[in-house]
Amino acid sequence: MSDMEIKVPTMAEYMAKGEAPDVLFWVGCAGSYDDRYKKVTKAFVKILNAAKIKFAVLGTEETCTGDPARRAGNEFLFQMQAMANIQVLDGYQVKKIVTACPHCFNTLKNEYPDLGGNYDVIHHSTFLQELIDSGQVVIADGKPFKGKKITFHDSCYLGRANDVYQAPRSVIESLDAELVEMKRCKTNGLCCGAGGAQMFKEPEEGNKDINVERTEDVLETGSKIVASGCPFCLTMLSDGIKNKNKENEIEVLDIAELIAKNQQL
Amino acid sequence: MDYIQQILFLIIAGVAGYLLFGRVVQIRSNIKMGKDFEPSGDKSTRFKNMVLVAFGQQKMFKKIIPAVLHLFVYVGFLVINLEVLEFVIDGVAGTHRIFAPYLGSFYTVLMNIFEFLAVMVLISCLVFLIRRNVLKIDRFKKIEMNGWPALDANLILITEVVLMFAILKMNAADQILQSRGVAHYTDTGFLFFSAHFIPLMDNFSDGTLVFVERAAWWFHILGILAFAVYVTYSKHLHIFLAFPNTYFAKLSVKGHADNMDAVTNEVKSMLGMLPADAAPPAEISRFGAKDFNDLSWKNLMDAYTCTECGRCTQQCPANITGKKLSPRKIMMDTRDRMEEVGKNIKAGNKGLDDGKSLLGDYITKEEINACTSCNACVEACPVMINPLDIILEMRRYIAMEESGSPQSWNVMFQNVETSFSPWKFAPTDRFNWSEDLKNPKN
Ligand code: SF4
Ligand code: SF4
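Residues numbered from 1 in each chain as written. Chains lettered and ligands numbered in written order. Predicted model: local features only at pLDDT ≥ 70, side-chain atom pairs only at ≥ 80, totals over all residues. Heavy atoms only, no water.

### Looking at empty space enclosed by the protein
Part 1: Applying the stated rule across the entire model yields 8 cavities of 30 Å³ or more.
Part 2: What lines the largest cavity is a set of 30 residues, among which B:M60, B:H70, B:F128, B:H238 and B:T307 lie closest to the centre.
Part 3: Broken down by secondary-structure element, the contributors of at least two residues to the lining of the largest cavity are α2 (43–55), α3 (64–93), α5 (105–133), α6 (148–179) and α9 (238–247) of chain B.
Part 4: Taken together, the residues of the lining of the largest cavity sort by class into 19 nonpolar, 5 polar and 6 charged.
Part 5: Taken domain by domain, the makeup of the lining of the largest cavity includes at least three residues from each of domain 1 (2–247) and domain 2 (289–425) of chain B.
Part 6: Of the volumes computed, that of the second largest cavity is approximately 150 Å³.
Part 7: Around the second largest cavity sit 16 residues that line it, and A:R71, B:K254, B:A257, B:L388 and B:L392 are the ones nearest its centre.
Part 8: With 5 residues, helix α18 (residues 387–400) of chain B is the single largest residue contributor to the lining of the second largest cavity.
Part 9: Within the lining of the second largest cavity, the residues separate by chemical class into 5 nonpolar, 5 polar and 6 charged. (1 Å grid on protein atoms, 1.4 Å probe; cavity = no way out; pocket = protein on both sides within 12 Å on 5 of 7 lines; lining within 4 Å. Points joined across faces, edges and corners; volume = space filled by probe spheres on them. Helix = DSSP H or I, 4+ residues; strand = E, 2+ residues; numbered from the N terminus. Nonpolar A, V, L, I, M, F, W, Y, C, P; charged D, E, K, R; others polar. Domains from an automatic or database assignment.)

### A few points about the domain arrangement of chain A
By a widely used convention, the size of an interface equals the accessible area lost when the partners come together.
All names here are of chain A.
Part 1: Partitioning chain A into structural domains gives domain 1 (3–129) and domain 2 (139–263).
Part 2: Placing a centre on the C-alpha atoms of domain 1 and another on those of domain 2 gives a separation of 23 Å.
Part 3: Every contact between the two is made by 25 residues of domain 1 and, on the other side, 27 residues of domain 2.
Part 4: At the boundary of domain 1 with domain 2, total buried surface from both sides reaches about 2100 Å², with 72% on carbon and sulfur atoms.
Part 5: Put simply, domain 1 and domain 2 have 1 salt bridge between them.
Part 6: Ionic pairing is found between E257 and R36, a salt bridge with its closest N-O pair at 2.8 Å.
Part 7: Contributing elements (two or more residues each) for the side of domain 1 that touches domain 2: α3 (35–50), α4 (67–71), α6 (102–111) and α7 (124–133). (Contact = heavy atoms within 4.5 Å. Buried area = accessible area lost by both parts, 1.4 Å probe. Salt bridge = Lys/Arg side-chain N within 4 Å of Asp/Glu carboxyl O.)

### Section: the sheet that holds strand β5 (residues 149–152) of chain A
Residue and element names in this part refer to chain A.
Part 1: If you walk across this open sheet you meet the 4 strands as β6-β5-β7-β8, and the pairing is parallel. In this open sheet, the two strands that pair with only one neighbour each are β6 (178–179) and β8 (251–254).
Part 2: As defined by bridge partners, strand β7 (residues 225–228) adjoins β8 across 4 bridges and the pair is classed as parallel. When the sheet's bridge partners are listed, I225 is paired in β8 with E251.
Part 3: Sitting on the sheet, helix α10 (residues 231–243) touches β7 and β8, and the angle it makes with β8 is about 175 degrees. (Pairing = 2+ DSSP bridges. Axes fitted to C-alpha atoms, helices over the stretch in contact; angles between N-to-C directions.)

### Looking at the confidence of the model for chain B
Part 1: Per-residue confidence for chain B averages 89 on the pLDDT scale, and 97% of its residues sit at or above 70.
Part 2: For this predicted complex, the interface score ipTM comes out at 0.94, while the overall pTM is 0.92. (pLDDT = per-residue confidence, 0-100.)

### Looking at the pairing of strand β4 (residues 120–123) of chain A
All names here are of chain A.
Part 1: The sheet contact formed by strand β3 (residues 96–99) and β4 spans 4 bridges and is parallel. Looking across to β4, one finds that K96 is bridged to D120.
Part 2: Following the backbone out of β3, through α6 and into the adjacent parallel β4, one traces a crossover that is right-handed. (Right-handed = clockwise from strand over helix to strand, strands pointing away.)

### Structural notes on the domain arrangement of chain B
Residues and elements named next belong to chain B.
Part 1: Here the domain parsing of chain B yields domain 1 (2–247) and domain 2 (289–425).
Part 2: The C-alpha-based centres of domain 1 and domain 2 are spaced at 35 Å.
Part 3: Counting residues at the interface gives 32 residues for domain 1, matched by 41 residues for domain 2.
Part 4: Taken over both partners, the interface formed by domain 1 and domain 2 buries close to 3300 Å², and the fraction arising from carbon and sulfur atoms is 57%.
Part 5: Across the contact surface, domain 1 and domain 2 share 3 salt bridges.
Part 6: Across the domain 1-domain 2 interface, the total number found is 20 residue pairs in polar contact (both at pLDDT 80 or more).
Part 7: Counting only elements with at least two residues in the side of domain 1 that touches domain 2, the list comes to α1 (2–31), α2 and α9. (Polar contact = N/O pair within 3.5 Å; in protein donor to acceptor, adjacent residues only side chain to side chain.)

### Quick look at the layout of surface pockets
All names here are of chain B.
Part 1: Estimated volume of the largest pocket: approximately 1400 Å³.
Part 2: The set of elements that each furnish at least two residues to the lining of the largest pocket consists of α2, α10 (261–270), α11 (297–305), α17 (376–380) and α18.
Part 3: Classifying every residue of the lining of the largest pocket by side-chain character gives 15 nonpolar, 13 polar and 19 charged.

So, in structure tokens, the structure goes:
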């Protein structure tokens, strides 16, 4: 499959052809700029290509959803961003959006409607689960996670904030992996420490960093792979694992990367 | 002689009623100092929440041991209050166990149920006392619990133990008096639990027994009346407020932050999105919350409902890792400030303009800034309190009224404004990630 030509069409290109894609992939700022998360973006795009999904991205027309501004209290800035984005989305008559960032997901899905932007928004873990269920992605037998212990870290904005707990777990289980839960999981999951705009400042004084506390939960499971579905969690957990000098033993991977690896994309 | 007891009872009940009424009025007016708030969603869902969470204690069952113990105290409280009805009628009418002749053997069954619950309440409260004071469970030992809050919790537990003990003692004395055929002491049938106290008092004279029975009766009813007034000053208000509080709790998913419509109007007018004939946006007195009256009345009711159980703080990632933030403290501070201003106003003082405010004098920026908005506290609260709401309102005040957010957030704001991303990257580079996918050189 590696010689497959990968396409990343934009909404503008579709519009020029007088067509519309089935779904918009909202990449998000981390997915666009963060070196680690760009790999997730690419993995997800490869899956979309392989599954022949008619998707598009906004490309340079995408801007921050405004989530970090809202969580940090700057409601003006949030609403300016949101309204500008709604204008773009409505201009392209977007109906369905998939995103690999729980913060974008939450804001687009739950908060844009208050400002007049109504879309059917799903997180990429749910989207992947649907692709597997419908047979558009056929899990290759056994490779490379069969029987391996994988633990899943619930992102606050996917789990508690939006009650999505099962989809990412179904994806992991479909890989024949052994899903091992951390002692704090699902509704009791512990934050990675980055939510609420904490990603963009130093933590307040305390006796420990939150991501280190969370990493200890990961280590307790004995898993060599920890999966998540959020760019911030991915960063925080990777840092936590480095802090414990375990970066050569434990991999932090996004749900989409698990599938891409299985599909050898 | 009997009249004296009746008159005394009426006076005491009257005083308690007066004090209680005064407190209810005070709390109501304090809560009404909050901003208007539109409860979300439909009434039937909210009603269902109230039935499940307040009446059915659903969220308590995340921790099974305290849930079962608390259930006994709660059911005991509800059911034993039926007996208080008889106490009040007897007290006013000068009768003794007025329901007994009418209910016959059913009265015996009822009394045995009450006694069973009294024993369970007694045991539960003793275990709670041990948990709080001997086992040193972490969530009861945080700094915001020092002093009055810890004393409050213990006082209530001890009071309940003593009150339940009084019921059993009263019933025991009553049973002995019945068996001796003393006048007034109507047959109640055999009361199983209190019967165990009979040997302790069997050799008392009739007079002593009547005294013990009366004393226990008075002690119990005075205790209940005092409790009713005391509750309004204590974390125990949750026994009433849990009901409206769960009814008015937010129904949308937890991730949804309330939109600030006032800001929407301003933003729309700035972007020229308002129709030409629209009225200019009204002057907003203040964005976000500096003092308690900038919060919604639901936030304020939350504060009065808080039981100080610390389930929120126990789950808070910031608190777990030693930061100053404790969602329970946010709720306690809000209530303390509200009480302070309410008292000021009542005393004819300056009220809100006393030079203090909730943010600054009670809650610090350091606490507010440490929140990850993870919603663990909201999830944990057994009575559906939302500490995150208050935290976000304060962040809004700090960011929009004071421009006092942490420096790195101000940088982030600037990046979003100018580069449309929280990091300072060129907007034109946003789509660069696709290059090596489209031209795979690797
Ligand atoms: S939302 Fe904030 S206050 Fe509540 S538990 Fe999470 S970090 Fe703590
Ligand atoms: S806010 Fe809720 S969970 Fe926290 S202490 Fe109060 S009652 Fe308990």
